[in-house]
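Take a look at the letters that make up each chain.
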Amino acid sequence: MIHSMTAFTRHGLQQDWGVITWELRTVNHRYFELDFRLPESLRELEMPLRERASHYLHRGKVECHLKYKPTEANAGFSINQDLIQQLAKAGQEVRSLWGDNMTTSVTSVLSWPGVLQSVELDKEALHQSVLTLFDTALREIGMIRQREGLALQQRIEERLKQVLVEVDHIKQRLPVVFTHQRHKIQARIEEFKLAIDPQRLEEEVLQLMQKMDISEEVERLEIHVDEVYQSLKTKGAVGRRLDFLMQELHREANTLGSKSADAEVTHAAIRLKVLIEQMREQVQNVE
């Protein structure tokens, strides 16, 4: 079953240390590209996050945005009151020596090393929550891409059926085309009253028919359609293979149209190219 490369999901979690929110967006891309936007305080998690993403996804551009809002208790600082008292006592002793002219600002006290202390944060719990929530978001993205892939597969298969209808129409038309061309050549010979040996005439007609023969293109169209069906049933990333098969289908349809000398076959070739182009657009979004 194929997967789409387009999906979006948002997952959040609130705990004592604050709120985290993951936003994941995936779009089509020729290769696999991961783009992380993380708070500086959680930048160290990028490598394990990349490993997790590579386990779930294999192709497409993936934008991963993590928002972290700590609680007020964890966002500020605490004051070392013991140290403040020691500094106050020391200040009184200094004043007794220097006199009342000595002044100490609050800023000076707060800038003293150790006075302001960051609130202790349970980093291990925070990191584990970030990773666990990321796994949840990845699984959700995977399910969305799978559902979208099923819809893509159905649309592609509908057009494959129409391609086979056009191919079958061309196959049924081939004997009529050959007969018509033979009569047309013979009529031109009679029109110009050319004296040609019957055997030579047959050889010339045969060579011309071989140049105009599109049976090989028709056969390859059927083979490529079968390969597309097989690829749609294959697990894993098959988008590039499908894109290659679309190119091959278009090449055969284009050759078929250029070699055809029959209006109905030419129109069928045009319809084939339209169907193939529609499939190619769908395939661009397949993982």
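Preceding this section is the structure that the text describes.
Summary of the structure given here. Treat the numbers as computed from the prediction; the structure is a model and nothing was measured.

## Here's the deal with the overall build of the protein
Broken down by element type, the protein carries nine helices and six strands. In the protein, which comprises 287 residues, the share counted as buried stands at 35%. Partitioning the intrachain contacts of the protein with sequence separation of at least 6 by distance along the chain shows that 81% fall at a separation of at least 24. Total accessible area on the protein is roughly 17,700 Å²; 51% of this is exposed by carbon and sulfur atoms.

## Comments concerning the pairing of strand β3 (residues 32-37)
As defined by bridge partners, β3 adjoins strand β4 (residues 60-70) across six bridges and the pair is classed as parallel. Each bridged residue has a counterpart across the sheet, and for Asp35 the counterpart in β4 is Glu63. In this fold, β3 hands off to helix α1 (residues 46-56), which returns the chain to β4; that crossover is left-handed.

## Description of α1
Along α1, the residues that are buried comprise Glu46, Leu49 and Ala53. When α1 is viewed along its axis, its buried side chains cluster within an angular range of 60° and face the same direction. Counted as exposed and oriented over 90 degrees from the buried face of α1: Met47, Glu51 and His55.

## Observations regarding the packing of aromatic side chains
Applying the stated criterion across every chain, the model contains four aromatic pairs. Ring centres of Trp22 and Phe134 lie 4.6 Å apart, and the angle between their planes is 45°; on these two criteria the pair is classed as tilted. Of this pair, Trp22 sits in strand β2 (residues 18-27) while Phe134 sits in helix α5 (residues 123-191); the two residues are 112 residues apart in sequence, bridging distant segments of the chain. A residue is classified by how much of its surface remains accessible, and Trp22, at 0% relative accessible area, is buried. Residue Phe134 is classed as buried on the basis of its relative accessible area, which comes to 0%. By way of ring pairs, the aromatic residues Trp22, Phe36 and Phe134 are connected into one cluster.

## Focus: the pairing of β4
Put simply, side chains in a regular strand alternate between the two faces of the sheet. Where β2 and β4 come together, ten bridges link them in antiparallel fashion. Directly across from Glu23, in β4, lies its bridge partner His65.

## A look at the sheet that holds β4
Neighbouring strands of a sheet are bound in pairs by backbone hydrogen bonds; such pairs are parallel or else antiparallel. Spatial strand order, β1-β2-β4-β3: four strands in an open sheet with mixed pairing. Across the chains shown, the open sheet's two edge strands, defined by having one partner strand only, are β1 (7-15) and β3. On average, each strand axis in the sheet is tilted by 10° relative to the strand beside it, whichever way the strands run. Each of β2 and β3 is contacted by α1, which is oriented at about 145° to β3, the strand it contacts most.

Conventions we followed
- Residues numbered from 1 in each chain as written.
- Predicted model: local features only at pLDDT ≥ 70, side-chain atom pairs only at ≥ 80, totals over all residues.
- Heavy atoms only, no water.
- Helix = DSSP H or I, 4+ residues; strand = E, 2+ residues; numbered from the N terminus.
- Buried < 20%, exposed > 50% of the residue type's maximum accessible area, 1.4 Å probe, protein only.
- Contact = heavy atoms within 4.5 Å.
- Areas by Shrake-Rupley, 256 points an atom, 1.4 Å probe, with all protein chains shown as cover.
- Pairing = 2+ DSSP bridges.
- Right-handed = clockwise from strand over helix to strand, strands pointing away.
- Arc of directions from axis to C-beta.
- Phe/Tyr/Trp six-rings, centres within 6.5 Å; stacked < 30°, edge-to-face > 60°.
- Axes fitted to C-alpha atoms, helices over the stretch in contact; angles between N-to-C directions.

In short, geometric facts, not functional conclusions.
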